[in-house]
Amino acid sequence: MSFFTDKQNAAPCPCGSGLTLGQCCGKFIDLDATPQKAVEVMRARYTAFALGHEDWLRATWAANKRPRKKIIDPQYKWLGLKIISTHEIDDKHATVEFIARARVGGSGAVRHHEVSRFEKRQDLWYYVDGDVLDK
Ligand SMILES: [Zn+2]
């Protein structure tokens, strides 16, 4: 079973990897595969934001940092993701710098520039938190 239709799975992945959704972030959100790298979690979290998969965002957020309130704000229409750099600190810690663009409600586009921290716990990568840049 897939959360996505065949048509969605065959379309370009929202994360901008150049792969189809099914080959890229879709397989992680569908729980058919486990991300092996922090940057894969980063990309799939962007895609989960873009496609409205709250449960996957919650599941990949470190339990002690996970927000209680709803994560996805439906006012945001995500337009694209650019990975600036990834830094593997050791086999359990990594950071990913990215810029995500969105349109918010009826207004113009906004940029979200962040360095996110990821941590591997029990063999799974989790988003911990991040520093928002040039706000
Ligand atoms: Zn993707």
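This section reports on the structure supplied with the text.

Quick look at the pairing of strand β4 (residues 124–133)
Looking along a regular strand, one sees the side chains alternate between the two faces of the sheet. In terms of strand pairing, strand β3 (residues 109–121) meets β4 through 9 bridges, oriented antiparallel. Opposite E119, over in β4, you have Y126 as the bridge partner. The antiparallel hairpin formed by β3 and β4 contains 2 residues in its connecting segment, where Q122 sits at a positive phi of about 45 degrees.

Details of the environment of R111
Looking at the secondary structure, you find R111 in strand β3. Judged by local crowding, R111 falls into the partly exposed class, with 13 C-beta atoms found within 10 Å. Residues R111 and F28, 83 residues apart in the sequence, show an inter-C-alpha distance of 25 Å.

Observations concerning the environment of T86
Counting through the fold element by element, T86 comes out in strand β1 (residues 76–90). C-beta crowding within 10 Å serves as the criterion here: with 17 such atoms nearby, T86 is assigned to the partly exposed category. Remark: the alpha-carbon pair of T86 and Q23, spanning 63 residues in sequence, is separated by 21 Å.

Let's talk about the nonpolar core
Taken as a class, soluble globular proteins show a tendency for nonpolar side chains to be buried jointly. Ranked by internal contacts, the top residues of the largest apolar core, which has 27 residues, are C25, A38, V41, M42, Y46, V96 and F118. Contributing elements (two or more residues each) for this core: α2 (25–29), α3 (38–51), α4 (54–59), β2 (93–104) and β4. When residues in this core are grouped by element, the largest group, 9 residues, is from α3. When near neighbours in sequence (up to four residues on either side) are disregarded, F118 contacts A38, V41, A94, V96, W125, Y126, Y127 and V128.

A closer look at unusual backbone geometry
Excluding glycine, residues mostly have negative phi values, and the peptide bonds linking residues are mostly trans. Backbone geometry at Q122 places phi at a positive 45 degrees, although glycine is not the residue there. In this fold, Q122 is placed in the loop between β3 and β4. The exposure class assigned to Q122 is exposed, which follows from the 5 C-beta atoms found within 10 Å. Of note in the backbone geometry, D123 takes a positive phi value of approximately 75 degrees without being a glycine. Relative to the assigned elements, D123 resides in the loop between β3 and β4.

So, how was this worked out
The residue numbers shown here count from 1 along each chain, following its written sequence. For a predicted model such as this one, the threshold for reporting local features is a pLDDT of at least 70, and the threshold for listing and counting side-chain atom pairs is 80 or more; totals across whole chains, interfaces and linings nevertheless cover every residue. In short, DSSP must find at least two bridges between two strands for them to pair. Under the DSSP-based scheme used, a helix requires at least four consecutive residues in state H or I and a strand at least two consecutive residues in state E, with every element numbered from the N terminus. Think of it as a crowd count around each C-beta: if 20 or more other C-beta atoms lie within 10 Å the residue is buried, if 12 or fewer it is exposed, and in between it is partly exposed, with C-beta placed from the backbone throughout. Any set of buried Ala, Val, Leu, Ile, Met, Phe, Trp, Tyr and Cys residues joined through C-beta atoms within 7 Å is what this text calls a nonpolar core. Contacts are defined on C-beta atoms placed from the backbone: any two residues whose C-beta positions lie within 7 Å are in contact.

By themselves these figures say nothing about function.
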